[in-house]
Amino acid sequence: MAKRAKPLTPVDELTKAQARVELTRLALEIEGHDARYYQHDAPTISDAAYDALRRRVEDIEARFPDLVAAESPTQRVGAQPSGRFAKVRHAVPMLSLGNAFADADVTEFVARVRRFLRLDDGEFPIIVAEPKIDGLSLTLRYEHGELVTGATRGDGFEGEDVTANVRTVKDIPHKLKGRDVPAVCEVRGEVYMLREDFLALNRKQAAAGDTVFANPRNSAAGSLRQKDAGITAARPLKFFAYAWGEMSALPADTQFEMVNWLGHAGFVVNPLMTLCHSVEDVMNYYRGIETQRATLGYDIDGVVYKVNRLDWQERLGFVSRSPRWAIAHKFAAERATTVLNAIDIQVGRTGALTPVAKLAPVTVGGVVVQNATLHNEDEIARKDIRIGDTVTIQRAGDVIPQVVGVVLDKRPKGAEPYRFPTTCPACGSHAVREEGEAVRRCTNTLSCPAQAVERLKHFVSRNAFDIEGLGEKQVAAFFDEGLVRAPADIFTLKARDGKKGPPLAEREGWGATSANNLFNAIDERRHIALHRAIFALGIRHVGEGNAKLLARHYGSMDAFRAAMGEAAAGRSPEGNASEAYADLNAIEGVGKVVADAIVEFFAEPRSVRALDDLLAEITVEDAERIKTDTAVAGKTVVFTGALTRFSRDEAKASAERLGAKVAGSVSSKTDYVVAGEAAGSKLDKARALGVTVLSEDEWLKLIDSK
Ligand code: IVH
């Protein structure tokens, strides 16, 4: 976040001389941000803060038109109004992949697929294996065979419009080949750079005194996201097609044939893509690619396995943001050794005490590492990590570096085993471990200052309330001063301003304009999307993905709040028995662990009060609910007995996908009971209540009917 030493003078109070000075400074500042964003792919301010800088330039120039200089950011040709790329909503979300690191993870993936599909013992789900390209993913939309849009992945739901840049990449056809091209084709794949091209580009850049990139992936990303497509054109970008999004028709019915079709349509597809007919084939493929890795010419970070049959992919569906039908098998991470200087204990928003290794700086895979995670108490004990030890650390992809182990020969004399604290370093309360949990937590959930601050930081974070001018630092300062102790306090700041202590405008680091800007930014967030509001609550296990699932399922804060209230009220020492809980647990992608954490949150009167206080200050917009136009949308279904046509997981997933709720018990609110063989008491209850009972075939016919 950019820090401004002095508050801004309102534009209409600026003298011409001040305006001239400020315009020059802003032009330089914006140029710097542009370079970090476009060339280095490492922006240091939010889009909103950047837009505010540009707006300030526009406002000043509007007042002093004769100060508009040729090199002003407003005069640059080809720039978007905001100077950044426009946003594009993906018709079909661009998901990520689950990871497998060990062979056992791959075996488990195959086993899971088989269980889900209920495959016979002899039947193997044929798997497509292909390299996992270390570049950036791109989606290309073709309408009637013509390229219309190219967009980056972004957050998976919304990316950046890079159409002009994409058109300069030679591997990307402007027109699809072949006669029977579907009217809408969204082709997905990876933009990357060959290693030798990357090195040559870096040599050229260095000679010209321009940016050098850390690795081919950054170089590809930086080159694609250029404001001036002419620069992209001069960069040696390449593209492999391996997937698709929205298609008005599917030209094939397997993954393998689809990718071959992409090849015929004019794309470059990876020649190493192979079909595997057994787990052994899969493992051999992995080892084969690993040995070729260094000589491929481009960076890969693993291989990807995908179930070949598209109808099976469809049945398998997704959990949260990754498909059940695919997985990435990663290569081992890069390692280095260094000295462990200290162990810091950080307190998270859920009270978890996380040990962080403070290391003598060391370069691993091109990045300088100074901190690494030590996971938890048991890991430190198991590896017998002591302060002063020389340790091996590793980095795998974008994951936080980890301490793998100790180089015992180098242990200094007198190094003592590490004693993990049993009290919270922030509030001194007991820190305990619950049975079966590896994490030690501060027990003072409601008033540990470290937890409260972390919750507030989370609340204002980018994917939550994202309040301009209210970052981690400001929230922590407001907390320390007692101005903001709970989320609702943020929204009453203005009303309370100056009533206790000096007004914000007179405080250190603030002025009339910046205080005013903050109050305006807070007001702007009084209307907020449901998924953001849910995510902001900081409920354990409820990340962005789950928040979106919940928003789509419940549709409104009122419905969510009411259902969770019901689920919390239905809690008992024996477990969660309410219908509301069963309904929550049945949402595709929301598992028991998540459901329990949400109910736990709502069972705590103080969290509910904090939420209600917040809701008194803000308006939460309704979300678009999941499918409503299917035969079973909005219906409540109970599956019972031994199912033979599909597994229980699959039944639940497909019903959910079509907008039905899957409940665990039969009540008068149940619409259908789908009874497999040997159905027992639930079937009896359904009959007694007069609920429609369907066989598995009748159910399949029903969900197929619309
Ligand atoms: S398939 C629904 N295949 O890996 C899954 N992804 O970790 C669609 N990637 O965002 C992705 N090579 O950028 C797929 N051969 C490949 C890939 C690949 C690289 C990237 C892709 C994706 C990320 C997921």
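Up top is the structure.
The model shown is predicted, which means the values in this text are computed figures rather than measured ones.

Caption draft 1: Region of the structure containing the nonpolar core. Judged by nonpolar contacts, the single largest core of 60 residues is most densely connected at Ile467, Leu584, Ile598 and Phe602. Beyond its immediate stretch of four places on either side in the chain, Leu584 contacts Leu550, Tyr554, Met564, Val590, Ala595, Ile598 and Val599. One finds Val128, Val162, Leu201 and Val269 within the second-largest nonpolar core, a separate group that totals 38 residues.

Caption draft 2: Highlighting the environment of Gln205. Checked against the element boundaries, Gln205 lands in helix α5 (residues 195-207). Exposure remark for Gln205: the relative accessible area of 9% places this residue in the buried category. Along the backbone, Gln205 and Val148 are 57 residues apart, and their C-alpha atoms lie at a distance of 32 Å. Setting aside its immediate chain neighbours within four residues, Gln205 contacts Asp210, Thr211, Val212, Phe213 and Arg235.

Caption draft 3: Region of the structure containing the sheet that holds strand β8 (residues 238-247). A sheet is described by the order of its strands in space; here 4 strands give the open sequence β5-β4-β7-β8, paired in antiparallel fashion. Each edge of the open sheet carries a strand with a single partner, namely β5 (146-152) and β8. Mean inter-strand twist for the sheet, computed between neighbouring axes without regard to direction, equals 30 degrees. Each of β4 (136-143), β5 and β7 (184-192) is contacted by helix α6 (residues 216-224), which is oriented at about 40 degrees to β4, the strand it contacts most. On the sheet, helix α8 (residues 255-264) packs against β7 and β8 and is oriented at approximately 115 degrees with respect to β8.

Caption draft 4: Quick look at the sheet that holds strand β10 (residues 300-307). Across the sheet, which stays open at both edges, the 5 strands sit in the order β2-β13-β10-β3-β9 with mixed pairing between neighbours. Edge positions in the open sheet fall to β2 (99-100) and β9 (274-276), since each of these has one partner strand only. With 5 bridges connecting them, β10 and strand β13 (residues 326-330) associate as antiparallel partners. When the sheet's bridge partners are listed, Val303 is paired in β13 with His329. Sheet strands touched by helix α3 (residues 103-117): β2, β3 (127-133), β10 and β13. Its angle to β13, the strand with the most contacts, is close to 170 degrees.

What counts and how
- Residues numbered from 1 in each chain as written.
- Predicted model: local features only at pLDDT ≥ 70, side-chain atom pairs only at ≥ 80, totals over all residues.
- Heavy atoms only, no water.
- Core = buried A, V, L, I, M, F, W, Y, C linked by side-chain atoms within 4.5 Å.
- Buried < 20%, exposed > 50% of the residue type's maximum accessible area, 1.4 Å probe, protein only.
- Contact = heavy atoms within 4.5 Å.
- Helix = DSSP H or I, 4+ residues; strand = E, 2+ residues; numbered from the N terminus.
- Pairing = 2+ DSSP bridges.
- Axes fitted to C-alpha atoms, helices over the stretch in contact; angles between N-to-C directions.

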